[in-house]
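The primary structure of each chain is shown beneath.
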Amino acid sequence: MRRGIAVSPGVAIGTAYVIHEIFVNPDTKRLEDTEITAELASYETARDKATADLRALEKKVDAQVGHDEATIFAVHQQILRDPAFTNKIRNWIVEEKMNAGAALHRLLGEYTAIFSKTKDAYLREKLDDIRDVIIRVSSHLKHSKSADKMVEGPLILVADELLPSQAVALGDFDVHGIVTQAGSQTSHAAIIARSRGIPAVSGVKNMLRKVKTGDTIVVDGRAGCVEVNPNAESLAAFRKLEREFFDLRDQLATNRDEKAQTKCGTELRLEANINGVSDAKAAAAMGASGIGLYRTEYLYLTHSDLPDEDEQYEVYRDIIAASPNHNVTIRTLDIGGDKTVAYLGHDHKEANPFMGWRSIRLSFEHPEFFNTQIRAIVRAASEFPQGTARIMFPMVTTVEELRKLRSMIRKAYKTLTARDIKVKELLFGMMLEVPAAAISIDTMLDLVDFVSIGSNDLVQYLMAADRDNPKVSHLCQPLAPPVLRVLKHVITACNESRTPVTVCGEMAGKPKAFLLLLGMGLRRFSMSPAFVPSIKQLASQISIEEAESIVATVMKFKTTAQVKKYMTRQIEQVAPNLAILDSN
Ligand code: PEP
Ligand code: MG
């Protein structure tokens, strides 16, 4: 049994498909002279197959997801066409009698050595694309040699980290689970797995050394552990859990048209967190009543330079059109921390990136960019007079920032009106993720229409424990008593002033945390689309009075372990059928 971080709940069993396997132990045996021609041919065949893949993916993603998302596959085809790429491989096969896999491995090593020296973030990002292409060609070399066992049956994807193109293309395979060596709750793999409801575990050390393609592998996304080739007894136990998980998912999917309400009839708002149009469609399919958080940074991360106002307007308009009830909360750029965008001058390393130049702090220093984004959002929202569009700003820390943001919005209304655009005024919200703002929330409420608690960041800042560092994940816990006190303080302050308040951090979709937030007075929640059905079900099994009494007990606890133990028992009592969906 190997331990990691539970990033997406549920249990899955399948055949391991190790994406980076070839690079762990490349075959270094030199070719015989008589083998060279055949090796060149198998490299060419693998390259052709990779090109065909990329062409098909570009077409498919263009049609089903969007033109912008598809451009990554065009870039990958360009890399494959580059003569420098193929000439080196051919040369090493012929001159140095290397097999094609080892030659690709060497090429990746060379590119990594060159690119990792550069300080330019854009160039460093390009290394990801090159790595992606090399892995794709390599996997075709393996396919031709090790038959089709790799792509059969339910698959558990095993990788160091899931690369962007692999994440987008996941839909092509029968993927039931994901395991990564690197990564965290907020990595690409985690976000994609959660939005598709696929069990996943990240941060499993040395995984690539312990598993090979074709092994049977179990992913337990509740406990955050993985078992390779389990014995018959263990396999039978996991099969039972897996069946329960699938049955539950199928059963819950039927509640999409039901109202979200508690056992005592209190209505709730369950919304979804999305990164793009396909997530917006998933949110509608899962029965979310709107979008509580659209993270616009993915738009910028998939562009190599700044999209202009019209391009942004079109993307936001498509998102609003695809969203349930055209009800969308659009968050302005939240870049910095672990995500960088080179064209906004983010090409240097900071000592403390999460406490540095990120979110609105960065946007304020690029007023032209910031004003453009705000105008594009207002224009898109104005196209849907029947919907509710909100604009929300990340990492708000001070009252002065709120005043400045309000005046920027007023300016956007004025500019657009002067351009003869009929403007619809947006609800204006702040994300509450900085402890300073949490403590003095009462001084900010008259400046906002709503508050959305970003618990992912709030927890890391309160506990001084990086949300992406597995070494301190025991501290970065949303159920820690100090975190619960701060949440209760903020929710109470908002409710007393009748300011709508939501939680859009990951905890909103987790059963234990959901019960506590409900008992603290929260009525609006935003989560990964896949969690909406289970939280709707859980809500229907508890009354407000019961949730309040749970909170009254929990607020007396001094340790996270006490809270978790008590809450595990509560979930077992209130909704034993849903326990499988919570992580430990
Ligand atoms: C949060 O911090 O809780 C949040 C929802 O924002 P993000 O995860 O994008 O930082
Ligand atoms: Mg955040």
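Placed above this text is the structure.
Below you will find a few notes about this structure. (Residues numbered from 1 in each chain as written. Chains lettered and ligands numbered in written order. Predicted model: local features only at pLDDT ≥ 70, side-chain atom pairs only at ≥ 80, totals over all residues. Heavy atoms only, no water.)

Before going further, it helps to spend a moment on the pairing of strand E5 (residues 175-180). Looking down a regular strand, the side chains alternate between one sheet face and the other. Most of E5 is tucked away: six of the six residues are buried. In this structure, strand E4 (residues 155-159) lies alongside E5, joined through five bridges in parallel fashion. Bridging from a neighbouring strand, Leu-155 pairs with Val-175 of E5. Sheet topology places E5 next to strand E6 (residues 200-202); two bridges connect them, and they run parallel. If you follow Val-179 over to E6, its bridge partner there is Val-201. (Buried < 20%, exposed > 50% of the residue type's maximum accessible area, 1.4 Å probe, protein only. Helix = DSSP H or I, 4+ residues; strand = E, 2+ residues; numbered from the N terminus. Pairing = 2+ DSSP bridges.)

Moving on: the layout of surface pockets. Its volume calculated, the second largest pocket comes out at about 920 Å³. Lining the second largest pocket are 38 residues, and of these Ile-5, Ala-6, Gln-185, Ser-473 and Gln-477 sit closest to its centre. Taken together, the elements giving at least two residues each to the lining of the second largest pocket come down to strand E2 (5-8), helix H18 (455-463) and helix H20 (511-519). No other element matches the three residues that H18 contributes to the lining of the second largest pocket. A breakdown of the residues in the lining of the second largest pocket according to their chemical character gives eleven nonpolar, 15 polar and twelve charged. Lining the lining of the second largest pocket are residues from two domains, each supplying at least three of them: domain 1 (2-23 + 147-250) and domain 3 (261-581). (1 Å grid on protein atoms, 1.4 Å probe; cavity = no way out; pocket = protein on both sides within 12 Å on 5 of 7 lines; lining within 4 Å. Points joined across faces, edges and corners; volume = space filled by probe spheres on them. Nonpolar A, V, L, I, M, F, W, Y, C, P; charged D, E, K, R; others polar. Domains from an automatic or database assignment.)

Ranked by size, the top nonpolar core spans 119 residues in total, and within it Tyr-294, Phe-393, Met-430, Leu-432, Val-451, Ile-453 and Phe-525 carry the most contacts. Summarising the domain contributions, this core has at least three residues from each of domain 1 (2-23 + 147-250) and domain 3 (261-581). Excluding anything up to four places from it in sequence, Val-451 contacts Met-430, Leu-432, Ile-441, Leu-445, Cys-494, Thr-499, Pro-500, Val-501 and Thr-502. Judged by nonpolar contacts, the second largest core, of 31 residues, contains Met-98, Leu-104, Leu-107 and Phe-115. (Core = buried A, V, L, I, M, F, W, Y, C linked by side-chain atoms within 4.5 Å. Contact = heavy atoms within 4.5 Å.)

This brings us to the coordination of the magnesium ion (ligand 2). Those donors, Glu-433 (OE) and Asp-457 (OD), are the protein atoms that reach the magnesium ion (ligand 2), and they lie 2.1 to 2.3 Å from it. Taken together, the residues span a long stretch of sequence, with Glu-433 in the loop between strand E13 (427-432) and helix H17 (435-439) and Asp-457 in helix H18 at a distance of 24 residues. In this structure Glu-433 comes out as buried when scored by relative accessible area, which is 2%. Residue Asp-457 is classed as buried on the basis of its relative accessible area of 3%. (Donors = N, O, S within 2.8 Å, 3.2 Å for Na, K, Ca; no water.)

All right, on to empty space enclosed by the protein then. If you roll a probe as big as a water molecule over the atoms, it shows you where there is empty space left. Using the criterion set out here, one finds six cavities of 30 Å³ or more in the structure. If you go around the second largest cavity, the residues you meet are Ile-191, Arg-194, Ser-195, Asn-273, Ile-274, Asn-275, Asp-279, Arg-295, Glu-506, Ser-528 and Pro-529. Among the elements of the structure, helix H8 (188-196) and strand E9 (269-274) are those that each provide at least two residues to the lining of the second largest cavity. Ranked by residues supplied to the lining of the second largest cavity, first place goes to H8 with three residues. When residues of the lining of the second largest cavity are assigned to domains, at least three map to each of domain 1 (2-23 + 147-250) and domain 3 (261-581).

Taken together, 13 residues sit near ligand 1, with Arg-295, Arg-331, Gly-454, Asn-456 and Arg-467 positioned nearest. Asn-456 is positioned with one of its backbone polar atoms (N or O) 2.7 Å from an oxygen atom of ligand 1. One nitrogen or oxygen atom from the side chain of Asp-457 is found 3.0 Å from an oxygen atom belonging to ligand 1. Relative to its unbound accessible area of 290 Å², ligand 1 is 99% covered by the protein chains. Within the residue set of the shell around ligand 1, elements represented by two or more residues are strand E10 (291-295) and H18. Taken together, the residues of the shell around ligand 1 break down into three nonpolar, four polar and six charged. (Near = heavy atom within 4 Å. Polar contact = N/O pair within 3.5 Å; in protein donor to acceptor, adjacent residues only side chain to side chain. Areas by Shrake-Rupley, 256 points an atom, 1.4 Å probe, with all protein chains shown as cover.)

Its place among the elements puts Thr-502 in strand E15 (residues 501-503). In contact with Thr-502, other than residues within four places in its own chain, are Val-451, Ser-452, Ile-453, Leu-522, Arg-524, Phe-525 and Ser-526.

Here the focus is the sheet that holds strand E8 (residues 225-228). With mixed pairing, the eight strands of this open sheet are ordered in space as E1-E8-E7-E3-E4-E5-E6-E2. The sheet is open, and its two edges are formed by strand E1 (2-3) and E2, each paired on a single side. Where strand E3 (residues 11-18) lies against strand E7 (residues 216-220), five bridges are found, and the strand directions are antiparallel. Each residue of the ladder has a partner; that of Val-11, found in E7, is Asp-220.

All quantities given are derived from atomic positions and should not be read as evidence of function.
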